[in-house]
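Okay, here's what each chain looks like letter by letter:
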Amino acid sequence: MSLTTESSTNFWLTRPFSERSTQIFLGVLLAALALVTLLHVAVPPGNPLHVGAYTVNLFGKYLSYALLAVAVDLVWGYLGILSLGHGAFFAIGGYAMGMYLMRQIGDRGTYGHPVLPDFMVFLNWDSLPWFWHGFDMAWFAFAMVLLAPGLLALVFGFLAFRSRVTGVYLSIITQALTFALMLAFFRNEMGFGGNNGLTDFREIVGFDLRSDATRLGLFLATGVALALGYILCRAIVTSKLGRVSVATRDAEARTRFLGYRVERFQLFVFVVSAMLAGLAGALYVPQVGIINPSEFSPIFSIEIVLWVALGGRATLYGAVIGAILVNYAKTIFTGVMPDAWLFALGAMFVLVTVFLPKGVAGLFRYLKRRKREDQTTDPDHQHTSKEASA
C-alpha cells in the first residue's frame, strides 16, 4: 500500500498538484472560468453583471496569450534562453488552425468554389497547393498545430544548440527567424493569403463560430489548455530535467563538465515550449477571426518577453499575470490613446524593472516573506508558539 502511494506521488506529472502555488493557480483559474460562464449564461443581457459574448471572446484571447507567456517563461526563466522569436511558433499554430477553418467554408465562400479558398480563386489559382491537403480533416489539422511549430523548433534548435550558440547571439537568431518568416508569409505566392492572411471563418468541428455558445466553448477550452500547459511546465521544472535546465541556465559550462549533454535538454524544452506556443496560436485564431503575417512581427515577440518580465520570470504563474495585465491595459489604453500605447508599455517596463525587478510575482513573494518574518519576530506569536510546544 505504501509502495503504491509512494510511486504515484513520485510520478512527475502528478508532482505539481502537491504544490501550494499550483493549487492556488488552478483554483483561481477554475473559479474565473466558472464565474464568467455563470455571468454569461445565467445573468440576463440587461443586467450590469452580464458578461457579453464580446467580453467572453476578449477573455479567451487573454488566456491564449497567457499560455503563450507560459511557453516563453519555460525557456527563458528556467533554461536561460531569451527567445525573441516565439511569435513565429504562435503564428504557425494559428495558420494551421486557420487553414482548417478555411477548408470548412467550402462552397459558402464569396466565389463559391468547393475546394479553393476565396483568396486562391481571386489570385487565379487552379488547384490546391500540396501543403493544404489534409487540412479538411480536424484530426490532421489539430495534429499539425503541434507538429508544425515543434518540427521548426526541432530543426532550428538542433542546429543552434549543436553549434553552442547562446546568449544574445541566440536571441538575435530567433528574432531573425521570425522576421524572415514574416516576409515570406507576406508574399501571395506562398499560398497563405498574403498580407490579408486567412479570415472569414464560419465553423469549427461543425459549430458556428458566430454563436455565443461556440465562443463560450472556445473560452473554456482555452482555459483548460492553459491549466494543462501550466501543469506540464510545472512537472518539467520540478523534475530532474528541470533541475538540469536550471543548472544549465546558471552555469552551462559546469553542467557540461559534470557529464550532461546540455544540448539535448535544451532541445527538448525548446520544442515543448514551441508546441505550447503553437497551441496558444491555434486557440487564438478562431476567437479573433483572423490570422495574418503581423503575428510574425518581431515587435510582437519582444512584447511577449515584456509580459513575462512584468509578471516575473521563472514562476510560470507570473507569466500568466503579466500577459493578462498588459493585454488588459492595452485594451483600455488603445481605446483612449492608441498612438501612445507603445510609450505606455515602455514606461511600464521601466518602472517595473526599477521598482519590481522580479516582477509582480516577486512582489507577492516579498510580501509573503515579510509576513512570515513579522510573525516570527512578534512576541505574542513567539509566546503562543512556546505554549503550544510545551
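Just so we're clear, the structure is a prediction, and the values are computed from it rather than from any experiment.

A. Inspection of the packing of helix H13 (residues 317-336) against helix H15 (residues 359-377) at higher detail. Two elements in contact, H13 and H15, have axes separated by 7 Å at closest approach and are oriented at 125°. The orientation of H13 relative to H15 falls into the category oblique. Together, Tyr317, Gly318, Ile321 and Leu325 of H13 and Val360, Ala361, Phe364 and Arg365 of H15 make up the contact between the two elements. Its residues assigned to classes, the contact of H13 with H15 comprises 6 nonpolar, 1 polar and 1 charged.

B. Molecular detail of helix H7 (residues 167-185). Taking 1.5 Å as the rise per residue, H7 with 19 residues should run 27 Å; its terminal C-alpha atoms sit 28 Å apart, in good agreement. All of the buried residues in H7 are Leu170, Ser171, Thr174, Leu177, Thr178, Leu181, Met182 and Phe185. Burial along H7 is one-sided: seen end-on, the buried residues are contained in an arc of 130°. Exposed side chains of H7 directed beyond 90 degrees from the buried face belong to Val168 and Tyr169. Those residues of H7 that are buried are in contact with helix H4 (86-103), helix H6 (138-162) and helix H12 (298-311).

C. Here's a closer look at the side chain of Thr174. You can see Thr174 is positioned in helix H7. Classification of Thr174 by relative accessible area gives buried; the value is 1%. A distance of 3.0 Å separates a polar side-chain atom of Thr174 from the backbone nitrogen of Leu84. With residues near it in sequence (within four places) discarded, Thr174 still touches Leu82, Ser83, Leu84, Gly85 and Phe156.

D. Just the confidence of the model for the chain, in detail. Taken residue by residue, the chain gives an average pLDDT of 90. The fraction at 70 or more is 94%. Every residue in residues 1-9 scores below 50 in pLDDT, and together they form 2 contacts with partners more than four places removed in sequence or on other chains.

E. Region of the structure containing the UniProt feature "transmembrane region" (unreviewed entry) in the chain. Residues annotated by UniProt as "transmembrane region" (unreviewed entry) correspond here to residues 24-42, 62-95, 138-161, 168-186, 216-237, 265-284, 304-328 and 340-364. Structurally, residues 340-364 comprises 84% helix and 0% strand, and the distance from its first C-alpha atom to its last is 29 Å.

F. The arrangement of the packing of aromatic side chains in detail. One pass over the full model with this rule turns up 25 aromatic pairs. Ring centres of Phe90 and Phe300 lie 5.6 Å apart, and the angle between their planes is 50°; on these two criteria the pair is classed as tilted. With Phe90 in helix H4 and Phe300 in helix H12, this pair connects stretches of sequence that are 210 residues apart. With respect to burial, Phe90 and Phe300 carry one shared label: buried. Ring centres of Phe333 and Trp341 lie 6.2 Å apart, and the angle between their planes is 50°; on these two criteria the pair is classed as tilted.

G. Layout of the environment of Asp126. Position of Asp126 relative to the elements: it lies in the loop between helix H5 (118-122) and H6. Assessed through its relative accessible area of 73%, Asp126 is described here as exposed. Between the C-alpha atoms of Asp126 and Tyr54, which are 72 residues apart in sequence, the distance is 38 Å. Within the local environment of Asp126, its side chain forms a polar contact with the side chain of Ser127, the two groups lying 3.5 Å apart.

Definitions and limits used
- Residues numbered from 1 in each chain as written.
- Predicted model: local features only at pLDDT ≥ 70, side-chain atom pairs only at ≥ 80, totals over all residues.
- Heavy atoms only, no water.
- Axes fitted to C-alpha atoms, helices over the stretch in contact; angles between N-to-C directions.
- Helix = DSSP H or I, 4+ residues; strand = E, 2+ residues; numbered from the N terminus.
- Parallel < 35°, antiparallel > 145°, perpendicular 65-115°, else oblique.
- Contact = heavy atoms within 4.5 Å.
- Nonpolar A, V, L, I, M, F, W, Y, C, P; charged D, E, K, R; others polar.
- Expected span 1.5 Å × (residues − 1).
- Buried < 20%, exposed > 50% of the residue type's maximum accessible area, 1.4 Å probe, protein only.
- Arc of directions from axis to C-beta.
- Polar contact = N/O pair within 3.5 Å; in protein donor to acceptor, adjacent residues only side chain to side chain.
- pLDDT = per-residue confidence, 0-100.
- UniProt positions renumbered as here; feature names shortened; annotations may be inferred.
- Phe/Tyr/Trp six-rings, centres within 6.5 Å; stacked < 30°, edge-to-face > 60°.

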